[in-house]
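This is what each chain is made of:
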Amino acid sequence: MHAAISTPTVRPRSAAPRAIVVFSDRRVFRDCVVAFLHAHGFPQAVGLSTWSALAHAMPRPLGLALVDLAQEDDGSRAIGARVHALWPDATVAAIGTPLQLAARGDDADAWIETSDSGRRLAALAAAVMRGRGRRRSVRARREVERRAVVWRQLTPRQRQVLGLLGCGVENKTMAASLGISERAVKAHVSALLDRFKADSRTELAVIACLAGFRSANRTSVF
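Cut-offs used in this document
- The numbering scheme is per chain: residues are counted from 1 as the chain's sequence reads.
- Only residues with pLDDT of 70 or above have their local features reported here, since the model is predicted, and side-chain atom pairs are shown and tallied only from 80 upward, although totals for entire chains, interfaces and linings are computed over all residues.
- To obtain the side-chain values, all non-hydrogen atoms of the structure were used and water was disregarded.
- A run of H or I in DSSP counts as a helix once it spans at least four residues, and a run of E counts as a strand once it spans at least two, with each numbered from the N terminus.
- Summary of the burial criterion: residues with accessible area below 20% of their type's maximum are buried, those above 50% are exposed, and those between are partly exposed, where the area comes from a 1.4 Å probe applied to protein chains only.
- The contact rule is simple, with two residues in contact once any of their heavy atoms fall within 4.5 Å.
- Surface exposure here means Shrake-Rupley accessible area, sampled with a 1.4 Å probe, where a residue is shielded only by the protein chains that are shown.
- Confidence scores here are pLDDT values: one per residue, from the predictor, ranging 0 to 100.
- The definition of a polar contact used here is a pair of N or O atoms within 3.5 Å, where within protein one atom must be able to donate a hydrogen and the other to accept one, and adjacent residues in sequence count solely through side-chain atom pairs.
- What makes a nonpolar core is a set of buried Ala, Val, Leu, Ile, Met, Phe, Trp, Tyr and Cys residues whose side-chain atoms join them at distances within 4.5 Å.
- Working note: the arc is built from the helix axis to C-beta atom directions.

Colleague: Which parts of the structure should I look at to understand the overall build of the protein?
Modeller: Regarding its fold elements, the protein presents nine helices and five strands. Along the protein, from the amino end to the carboxyl end, the secondary structure elements read β-α-β-β-α-β-α-β-α-α-α-α-α-α. When the 222 residues of the protein are sorted by exposure, 45% land in the buried category. A separation of at least 24 residues holds for 70% of the contacts in the protein among residues at least 6 apart in sequence. Put simply, the protein shows about 12200 Å² of open surface, and 53% of that area lies on carbon and sulfur atoms.

Structure (structure tokens):
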């Protein structure tokens, strides 16, 4: 009769907290957000200025990506798409002004206004860390949602024209750059004036700059 062989019980190790990454090429902003998260119990938060730096700073799965819409580099949309491609359950949150969120944050899972006290950011981080990989959805105030409806109605061409207006490009140059007629450019400008209830091209240019359309080649950044 063989003696029973007891097998020691192996307790699974608790999974390491999922990483939080703050993407911004504005160093002071990035460091402040990371410091805030550390102070609120999220030591796994790191700040990165570029996507290429991610490979050297990700020892664990990504749970939350915070993307600064005010950064100079035109890479917010690419970051969001890459995060979801590698970590489908990760939450991508856009951080920006109400205008930036309305204009360029539509593809994000969550919106965080820069004017928020920080409670929303801390609450989102806590929810993601507790959620075991489930994406979280947080939208902005109703006023920002109302503005976003207007931006969603813009065509890709109208976004291009608006970006060029923000750079001070004249109609003739704009037409040559986009490969369309000057008459078509005027029609797009007229439609934009009507859409934003603006009185002049200058006002449209200000809207474009405040929304973050700094490059003539931008169409939709997030």
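This is not the end of the story, as more comes after the structure.
Colleague: How should I be thinking about the confidence of the model for the protein in this particular structure?
Modeller: Interpreting fine coordinate detail is not advised for predicted regions of low pLDDT. Taken as a whole, the protein shows an average pLDDT of 84; of its residues, 83% reach a score of 70 or greater. When mean pLDDT is compared element by element in the protein, helix H8 (residues 182-195) scores highest at 96, while helix H2 (residues 76-86) scores lowest at 82. Considering only residues more than four positions removed or in separate chains, one finds that residues 1-14, a stretch of pLDDT under 50, has zero contacts. This stretch, residues 215-222, has a pLDDT under 50; its non-local contacts, to residues over four places away or in other chains, come to 34 contacts.

Colleague: How should the environment of Gln153 be read in this particular structure?
Modeller: Mapped onto the fold, Gln153 is located in the loop between helix H5 (142-152) and helix H6 (156-166). For the pair formed by Gln153 and Arg195, sequence separation is 42 residues and the distance between their alpha carbons is 8.7 Å. Among all residues touching Gln153, those that are not within four sequence positions of it are Gln158 and Arg195. A polar contact is formed between the side chain of Gln153 and the side chain of Arg195, at a distance of 2.8 Å.

Colleague: Looking at this structure, how should I read the nonpolar core?
Modeller: Across soluble globular proteins, you tend to see nonpolar side chains buried next to one another. Counting residues in hydrophobic clusters, the biggest one holds 31 residues, and the most contacted among them are Trp151, Leu162, Met174, Leu192, Phe196 and Leu204. Of all elements in the fold, only helix H3 (98-104), H5, H6, helix H7 (171-178), H8 and helix H9 (201-211) reach the threshold of two or more residues within this core. Filtering out sequence-adjacent residues up to four positions away, Leu204 remains in contact with Leu162, Leu165, Val189, Leu192, Leu193, Phe196 and Ala198. Residues Val22, Leu66, Ile95 and Val128 belong to the second largest nonpolar core, which totals 18 residues.

Colleague: Honestly, unusual backbone geometry in this entry has me stumped. Any pointers?
Modeller: For Lys197, which is not glycine, the phi torsion reads 55° and is therefore positive. Relative to the helices and strands, Lys197 resides in the loop between H8 and H9.

Colleague: Just checking my understanding: could you explain H7 for this structure?
Modeller: Among the residues of H7, Asn171, Met174, Ala175 and Leu178 are the ones counted as buried. Buried residues in H7, looked at end-on, bunch into an arc of 100°, giving them a common side. In H7, those exposed residues whose orientation departs by more than 90 degrees from the buried face are Lys172, Thr173 and Ala176. Considering only its buried residues, H7 is in contact with H6, H8 and H9.

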